[in-house]
Structures are given as C-alpha cells and as structure tokens.
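Coordinate analysis (summary)
Listed below are the residues making up each chain.
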Amino acid sequence: MVLSGGLLAYVLRNIALADLKAQFQLASYGWLALVGAILLAIHIIRALRWQLVLRQMGYRPPLLHTTVAIMAGTFASALIPGAGEFTRCGTLTRTDGIPLSHSFGSVLAERIADLLVLLAAIALMLVLELPRFREYGLSRFTFTLAPVLYGLGALFLLSLFFYVLWVAWLYKYQAPLQKRISNFFGQFKTGFLSVSQLPNPGWYVLTTLLIYALFWAATYVAFFALPSMQTLAPSAAFSILTLSSISGLAVPTQGSIGTYHLVAQWVLMTYGLSEVAGAVTATFLHAVLLGLNLFWSAIGFFILPFLPKQR
C-alpha cells in the first residue's frame, strides 16, 4: 500500500484535483459501458479456458462457478497482490470439491501461457513502437523511470529468494509437513501437466490469445470515452497494456496502482501529450479499467456464498 501510494503521489505531484474531476465530467458513459461489457467477456473466456484443463482432470464445474471463482480471485488480487490464485482455487474447492493442488497447478500453467503471449506482445510492440520511443527519447525512460522499476524489481526478487529458502527449510526440517507437502506437489504436477494432455490444445491457445486481445480492446475503447484521447492510435493502447503488464510483474502493487500510472503517462507522452496531460489521462484510464473490473469482481465475490455446493 505504501509503495502504491508513493508511486501514485509521484505521478500526480503536479496535478490539480479539479483536472481529474473534469476528465470524468467529460467522459462518454456509453463507451465506458462497452468497456465494462468487454471486461465481463474476459472473465467468462478465462473461465472457459480454465474449464478445458479442469475437465481434462475429470472435474466438471459449471461455467457460473468458474466465472465467479475468477471474479472473486480478481477482487482478492486488487487487495493483496498474488492472493487471487489462492482465492479462485479455494472457491472451487468449496463449491465443487476440487483439490486445491490440482486447480492451483492448472492456474500456474495459465500464468505460463499468459507470459508466453506477453513475450510475443513485447516483441511485436518493439517492432511497431521502438522508432517512436527512440524519437521521443528512450534515454529519458532509461534514466528516470527505469531505475525505479529495476530497483523495486530487485527488491521483489530478493524477497522471493528468501521466501524460497523458507519453504525449503520447512520441507527439509519439518517432518510432519514433509509428507503433506510431497502429496501437494504430486497433485500440483498433475494439474500443471494437464494442459499438455488436452485433446484440443488449439482451443487453449485461442482463448489465451483472445483474452489478451480483449484486454487491448478494452484499453483502446476507453480512449473514445474522452475527446482528447480519440485521436490516439490503437498502438498506443497496445503499448500501454504491454508495458503496464511488464511493470506489474516486476513491481506487483495493489491493482497496479502507481506502476500503471507511470508507464501509461510515459507512453502517452511519446504520443504528444504533455507530462500533466499524460498523468491525468493515465489516471483516468486506470480508474476506468480498474473500477469496472472491480465492479464485476465484487459481484462475483459477494454472490460466492450463495453458490450451491456440488461434488
């Protein structure tokens, strides 16, 4: 929370609250409703992709259950980075009796698939946008924003290193836990490898690509909500999505607060916006995308207790 607030305060240090308020007063809520519909479609498609793997393991949860589980996980991730995976898996354990280790293995496979798509998106973005970034001044990014992100990323990796050491210590010296952990990782492996055993892996690849494409579409459609953004190219939305995804992995914060603002502001400045206009627009984009995403996620989180249990 402190990190998110610090990064956000840095971006908004020269912004008046009236400027932010004016953006929302000028917004076209018809376009924002379309953004909300796209984000809902993303939740459903993610649920369909998850079902492909769960069915391979012999589990058949209803689409409503998997969709609500993903929504609840998204809501949890906005509060605590990384908590979404455990929340969504725990939800299906509660409603459908699916072992946490099986579902968690399938989720890790999803993350790897998403990472591969992100790497492909990075390569495409560099082909399309590197001349623009170089023309604007890549050195400005290198000597201002990059050291901050690299330093925070190094801190994250250091914390992850000590976490791995702690888990290894538990595994080696805590005899009562050793068998339990061994069984967990055995089931985890089953869930993880189920992706490679899908009868039609093309559907898994297609849904993964579609999810990223819809995230790009949601960002681009949000441009039309403000007159000042309607002239921005689709490549601007693609760059914002790709670079914010990278920064979110390097520096995980609640709801990408702060990191998204820094990256989006920099991209918008390469498209001719001033530093102040870029910060205001980036804040508007983040508020819209996060707010609508949390709207659907909150619905899933709060209807979770009313889902019928089945085995």
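It should be noted that the structure appears before, not after, this text.
Attention in this report is confined to the structure presented alongside it. What you see is a predicted model; the values in this text were computed from it and never measured.

**Description of the overall build of the protein chain**
A count of helices and strands for the protein chain gives twelve helices and zero strands. Listing the helices and strands of the protein chain from first to last along the sequence gives α-α-α-α-α-α-α-α-α-α-α-α. Burial status across the protein chain gives 46% buried among its 311 residues. At a minimum sequence separation of 6, the contacts of the protein chain that also span at least 24 residues come to 76%. In the structure as shown, the protein chain presents an accessible area of about 15,600 Å², 72% of it carried by carbon and sulfur atoms.

**Side note on helix H11 (residues 259-270)**
Over its twelve residues, H11 runs 17 Å from end to end, which matches the ideal 16 Å to within 8%, given 1.5 Å per residue. Counting buried residues in H11 gives twelve out of twelve residues, a clear majority hidden from the surface. Buried residues of H11: Thr259, Tyr260, His261, Leu262, Val263, Ala264, Gln265, Trp266, Val267, Leu268, Met269 and Thr270, and no others. Residue Gly272 follows H11 closely and has a positive phi angle near 105 degrees.

**Here we look at the packing of aromatic side chains**
The final tally for this structure, using the stated rule, is seven aromatic pairs. Arranged with centres 6.2 Å apart and planes meeting at 65 degrees, the rings of Phe75 and Phe302 form a pair that is edge-to-face. Of the two residues, Phe75 is situated in helix H4 (residues 63-79) and Phe302 in helix H12 (residues 275-303); the sequence distance between them amounts to 227 residues. Accessibility expressed as a relative area gives 17% for Phe75, which makes it buried. Each member of the aromatic cluster is reached from another via a ring pair, and the members are Trp31, Trp216, Tyr220, Phe223 and Phe224.

**Comments concerning the environment of Val35**
On the secondary structure map, Val35 appears in helix H3 (residues 29-56). Take Val35: its relative accessible area is 0%, and that puts it in the buried class. On a C-alpha basis, the gap between Val35 and Phe223 in space is 10.0 Å, while along the polypeptide they are 188 residues apart. In this view, Val35 contacts Ala218, Val221, Ala222, Leu289 and Leu292; residues no more than four positions away in its chain are not counted.

**Things to note about the environment of Leu249**
Within the secondary structure, Leu249 is located in helix H10 (residues 234-250). In this structure Leu249 comes out as exposed when scored by relative accessible area, which is 52%. Through-space distance from the C-alpha of Leu249 to that of Thr259 is 10.0 Å; in sequence the pair is ten residues apart.

**What to know about the nonpolar core**
Ranked by size, the top nonpolar core spans 45 residues in total, and within it Phe223, Leu232, Ile240 and Phe284 carry the most contacts. Those elements giving two or more residues to this core turn out to be H3, helix H6 (100-136), helix H9 (201-223), H10, H11 and H12. If one sorts the elements of this core by residue count, H9 sits on top with nine residues. Those residues in contact with Phe284, other than ones at most four positions away along the chain, are Gln23, Phe24, Ala27, Leu32, Ala222, Ala225, Leu226 and Met229. Core analysis: the second largest hydrophobic core is formed by 16 residues, Met57, Ile70, Val107 and Ala113 among them.

Criteria and cut-off values
Residues numbered from 1 in each chain as written. Predicted model: local features only at pLDDT ≥ 70, side-chain atom pairs only at ≥ 80, totals over all residues. Heavy atoms only, no water. Helix = DSSP H or I, 4+ residues; strand = E, 2+ residues; numbered from the N terminus. Buried < 20%, exposed > 50% of the residue type's maximum accessible area, 1.4 Å probe, protein only. Contact = heavy atoms within 4.5 Å. Areas by Shrake-Rupley, 256 points an atom, 1.4 Å probe, with all protein chains shown as cover. Expected span 1.5 Å × (residues − 1). Phe/Tyr/Trp six-rings, centres within 6.5 Å; stacked < 30°, edge-to-face > 60°. Core = buried A, V, L, I, M, F, W, Y, C linked by side-chain atoms within 4.5 Å.

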